[in-house]
Every structure is written in C-alpha cells, then in structure tokens.
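Listed below, chain by chain, are the residues.
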Amino acid sequence: MGALLSALAGPLSWHGGAKAAHAAEKKNILILTGSAREGGNSDLLAEAFAGGAREAGHEVEIFACGRAEIRSCLGCGKCWSAGAPCVQKDDFEQLWPLLEKADMLVFCSPLYWYNVSGHLKCAVDRLFPYSQKRKPRDLRIREAMLLMCGESWFEKSFAGAAEAYRQMIGYKGWKDRGRLFATRVFEKGEIRGSSVLEKAREMGRGA
Ligand SMILES: Cc1cc2nc3c(=O)[nH]c(=O)nc-3n(C[C@H](O)[C@H](O)[C@H](O)COP(=O)(O)O)c2cc1C
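Residues numbered from 1 in each chain as written. Predicted model: local features only at pLDDT ≥ 70, side-chain atom pairs only at ≥ 80, totals over all residues.

J.: Explain the nonpolar core here, please?
T.: Soluble globular proteins tend to bury their nonpolar side chains together. Core analysis: the biggest nonpolar cluster contains 54 residues, and Ile 31, Leu 32, Leu 45, Phe 49, Val 106 and Leu 147 have the highest contact counts within it. When residues of this core are assigned to their parent elements, the largest contribution, seven residues, is made by helix H1 (residues 41-55). In this structure, Val 106 is in contact with Ile 29, Ile 31, Phe 49, Ala 144, Met 145 and Leu 147, ignoring residues within four places of it in sequence. (Core = buried A, V, L, I, M, F, W, Y, C linked by C-beta atoms within 7 Å. Buried ≥ 20, exposed ≤ 12 C-beta atoms within 10 Å, placed from the backbone. Helix = DSSP H or I, 4+ residues; strand = E, 2+ residues; numbered from the N terminus. Contact = placed C-beta atoms within 7 Å.)

J.: Please clarify how the site of the ligand should be interpreted in this entry.
T.: In the neighbourhood of the ligand, 19 residues make up the surrounding shell, with Gly 40, Ser 42, Pro 110, Gly 150 and Ser 152 lying closest. Here the element with the most residues in the shell around the ligand is H1; it accounts for three residues. A per-class count over the shell around the ligand returns eight nonpolar, seven polar and four charged. (Near = placed C-beta within 6 Å. Nonpolar A, V, L, I, M, F, W, Y, C, P; charged D, E, K, R; others polar.)

J.: What should I look at first to understand helix H2 (residues 92-101) in this one?
T.: Since there are 3.6 residues in each turn of an α-helix, residues three or four apart along the chain are aligned in direction. Those residues of H2 that sit buried are Phe 92, Leu 95 and Leu 99. One side of H2 carries all its buried residues, which in axial view fall inside an arc of 55 degrees. Turned more than 90 degrees off the buried face of H2, the exposed positions are Gln 94 and Pro 97. (Arc of directions from axis to C-beta.)

J.: Help me understand the pairing of strand S4 (residues 104-110), please; the structure alone is not making it clear to me.
T.: Along any regular strand the residues' side chains alternate between the sheet's two faces. With respect to burial, S4 is a largely interior element, seven of its seven residues being buried. Burial along S4 is two-sided: Met 104, Val 106, Cys 108 and Pro 110 facing one way and Leu 105, Phe 107 and Ser 109 facing the other are all buried. Bridging between strand S2 (residues 28-33) and S4 involves five bridges; their strand directions are parallel. From the neighbouring strand, Thr 33 faces S4, where its bridge partner is Cys 108. Handedness of the β-α-β unit built from S4, helix H3 (residues 118-125) and strand S5 (residues 143-149) comes out right-handed. (Pairing = 2+ DSSP bridges. Right-handed = clockwise from strand over helix to strand, strands pointing away.)

J.: How should helix H5 (residues 195-205) be read in this particular structure?
T.: Inspection of H5 places Val 196, Leu 197, Lys 199, Ala 200, Met 203 and Gly 204 among the buried residues, and these make up the whole buried set. The buried residues of H5 all sit within an arc of 155 degrees when viewed along its axis, so they share a single face. Residues of H5 that are exposed and angled more than 90 degrees away from the buried face: Ser 195 and Glu 198.

J.: So what exactly am I meant to see when it comes to the pairing of S2 here?
T.: S2 sits mainly inside the fold: five of its six residues count as buried. Where S2 lies against strand S3 (residues 59-64), six bridges are found, and the strand directions are parallel. Note that in S3 the partner of Leu 30 across the bridge is Glu 61. At this point the chain moves from S2, through H1, to the parallel S3, and the crossover so formed is right-handed.

Note that all results are geometric; they support no functional claim without further evidence.
Printed below as a string of structure tokens:
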C-alpha cells in the first residue's frame, strides 16, 4: 500500500496547504464522506482525520453522504423560496444546518471514475443556494481539505478531482488547507495499518 501527498504543478504544487490563520482557534469542522461502504477506506481516512482534529480541541461532525438520500440539484431556481435553502425533501434537510455552522469543510471520498463519488457530488451540487447573489444567509466556511483514496497506483489519477476542488474553493473564497491521496487501496479496510492514516490524523491535529 502506498500513500502520496499531492504534488501537482502550478497553484496545486504545495503539499500541506495553507497554514491555519489562528492555530489555537477552536473550529467546527464538517467532514463529508462519499462512500456507501461503511467502515471502508474513506471512512477510515475520515475517522483518522477526525481523531486528530478532536485531539486538537476542534468540534468535528462526520456526515456520510454515501449513506444518505441526497438527490442532485434540480436547477429549478426555487432556492430559499420555502424557508429553507432548497425545496427538495430529502436528507439535505439534515445536512444544511451542519454546513451553516461549519468553519471548515473536509471532502473525503473514494476515487470513482477519476472523480469524487456521485454521492458526494450530489451533496456538493446542493450548495447552489449559497452561490445565489440574493440569499438570506451564507456559509461561514473559510477553509477546506480534500482526502481521497483509490485503487490506482498513481497520484495523477486524482488530478481531475483535485482540479475541481481547487476551482470550487477558489470560487467560494475558501482557503485550501491540504490534500491527501491514498493510492493502492481497493478492498474494504485495506487502508488499515497504512501510514496514510497517521498522516490524516496529523492533518486533523494541524487543522
Ligand atoms: C464505482 C467505482 C468506481 C471506481 N473508480 C475508480 C477509479 O477511477 N480509480 C481508482 O483508482 N479506483 C476506483 N475505484 C476503487 C475505489 O476508489 C477504492 O476501492 C476505494 O478504496 C473505495 O473506498 P471505500 O472503501 O471508502 O468505498 C472505484 C470503485 C468503484 C466502486
């Protein structure tokens, strides 16, 4: 098993992301996981990160998009029209209050066809109400991280997901706090015992 930190060219070329603005500040950290496979590799990555972040005194919530019913955005333009960000009735109703109290958002997904999973992507699409010019309130998120795992031996397999993440957080004005890509993990739980989990815990401690 191997694990590689991102070392892509251009604006993606740093490894650990920007330093925390206020290292000692207690944050609300929300981790969105993207696998339906409970106890799988991305769940273990998320738990390692969460453990480190809790050790550092942060409040951490993990929301399993892969085990929730979250449909994609309808593009209906009815955001905020019924007293909530979205008119759809599904598990996004549990997610948006968590999003609204988060200071940092961590995306943690298996690599599916060179991208984040559809489960996670549907949840991300539902952030659309917060990109409207006219909105009653915005997210307070200021920082983000990307944690991923996949069967591939090659870090470059994660480049598409990393680029979408880079553009998205740039659009939202969120600071990139780091990315971690665990390669060569396929079977459920195969990541166990890998140094990548210690790296995720360390990233949590430094969040
Ligand atoms: C639908 C699907 C698509 C996948 N696509 C890729 C891929 O493009 N590249 C890759 O390296 N691994 C791919 N994989 C393997 C998963 O990324 C890998 O098994 C990962 O460790 C699963 O994480 P989990 O245990 O959290 O579900 C795919 C797996 C599935 C089920």
